[in-house]
Amino acid sequence: MMATQLALLFSAVEFALVGAILALSTYVTLWAGLLSFASVSFAATGAFTATHLMSAAGFGLWPALVAGGLGGGVLAAVAGLLLIRLDSHWLALATVALILVTRVIVVNLGDLTGGSEGQIVPVKVELWQLVLVLALVCLFLARLARSRFGTAAVATREDPTAAATMGVPVRRIQIAAFVLSGVIGGIGGVLQAGLLRYIDPDSFYIDLAVTVIACVVLGGAYHWFGAVIGAIVFTGLPVYVNQFIGQGQSIINGVLLLVIMIWVPGGLIDPLRWRRLRERRAAAPAAGAAREVAEVRS
């Protein structure tokens, strides 16, 4: 019994780590003000590219990660050049269409992808490899947030017109964010494939896109750490609880969505909310001292 529980716990952690990487792929586009579901298409491209290379050319995990990241990045560059000109909900709908097109391509390239029957992934991903890749991605994004690109991305998200007036190359920033999202998404797809050990066209579909964007928005869309926390809550926790409740993942995700939208509309990791809390704590001693002085004077 204990061994079973431990195995389920490790499985939940592994899925949470992969979910965090896919969520970070979506976070990068939101960072630049782009609502995109395309990270699932990037993940599918990376997963099927890497799986084919692992099966046909004997690639190990690390070369496969490089190939998957490049595959996702190339697709993102092409899609970005075509789709970035669209605004808000039109871009979101276009990226949903990209997921559908990617699925059709995967089904019809049977010699490379296994078609509708899918294919077995020959390389297994270990927990320490997931932790290492996620840590490197988080470190990279944390450093990037302090760079000129990070400042320009925030300015682009808040007000593209004002950012362009101040000399920010808005279009280039958005395309760069799209490509970076593709690279991270491709890497996440390779890890997802190595974790599942079998992939087919339904492994990367719209339901995964909805889960990923929910992780980002409800974890906290304005900080990369929110994507990680959101993935733990919305990906890892339901996998573990599913043993106690039938269809537990759907039920728990629905309840969590409602609770967070009602009581924590800014996400679990909301920098503004935590800043206000720190300001209140800092102001509390000063307010207490002022009351004491007023009492003494009275």
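For the structure, check the block above.
Basis of the calculations
- As a convention, each chain's residues are numbered from 1 in the sequence order in which they are written.
- Side-chain atom pairs in this predicted model are given and counted only at pLDDT of 80 or more, local residue features only at pLDDT of at least 70, and totals for whole chains, interfaces and linings cover all residues.
- Computation of side-chain values covers all heavy atoms of the structure but excludes hydrogens and water.
- A helix here means a DSSP run of H or I that spans at least four residues, while a strand means a run of E at least two residues long, and both kinds are numbered starting from the N terminus.
- The contact criterion used throughout is that any non-hydrogen atoms of two residues lie within 4.5 Å.
- Between 30 and 60 degrees the pair is tilted, below 30 it is stacked and above 60 it is edge-to-face, where a pair is any two Phe, Tyr or Trp rings, Trp via its six-membered ring, whose centres lie within 6.5 Å.
- The buried label goes to any residue with under 20% of its type's maximum accessible area, the exposed label to any with over 50%, and the partly exposed label to all in between, with areas taken from a 1.4 Å probe on protein chains only.
- Helix span is expected to be 1.5 Å times the residue number reduced by one.

### Thoughts on the overall build of the protein chain
When helices and strands are counted, the protein chain shows 13 helices and 2 strands. Long-range contacts, defined here as pairs at least 24 residues apart, represent 80% of the contacts in the protein chain between residues at least 6 apart.

### Looking at the packing of aromatic side chains
The geometry of an aromatic ring pair is captured by the separation of the ring centres together with the interplanar angle, meaning the angle of the planes. Under the criterion given, the structure shown has 5 aromatic pairs. Taking the centre distance of 5.8 Å and the plane angle of 85 degrees together, the rings of Phe-42 and Phe-178 count as edge-to-face. With a gap of 136 residues between them, Phe-42 in helix α2 (residues 39-56) and Phe-178 in helix α9 (residues 170-196) connect regions that are remote in the sequence. Accessibility expressed as a relative area gives 0% for Phe-42, which makes it buried. What makes Phe-178 buried here is its relative accessible area of 0%. Ring geometry for Phe-48 and Phe-204: centres 6.4 Å apart, planes at 65 degrees, overall edge-to-face. Of the two residues, Phe-48 is situated in helix α2 and Phe-204 in the loop between β2 (198-199) and α10 (206-220); the sequence distance between them amounts to 156 residues. For the pair Phe-48 and Phe-204, one class covers both residues: buried.

### Considering α2
Given a rise of 1.5 Å per residue, 18 residues ought to cover 26 Å, and the 26 Å separating the end C-alpha atoms of α2 matches this to within 8%. With 13 of 18 residues buried, α2 lies mostly within the body of the structure.

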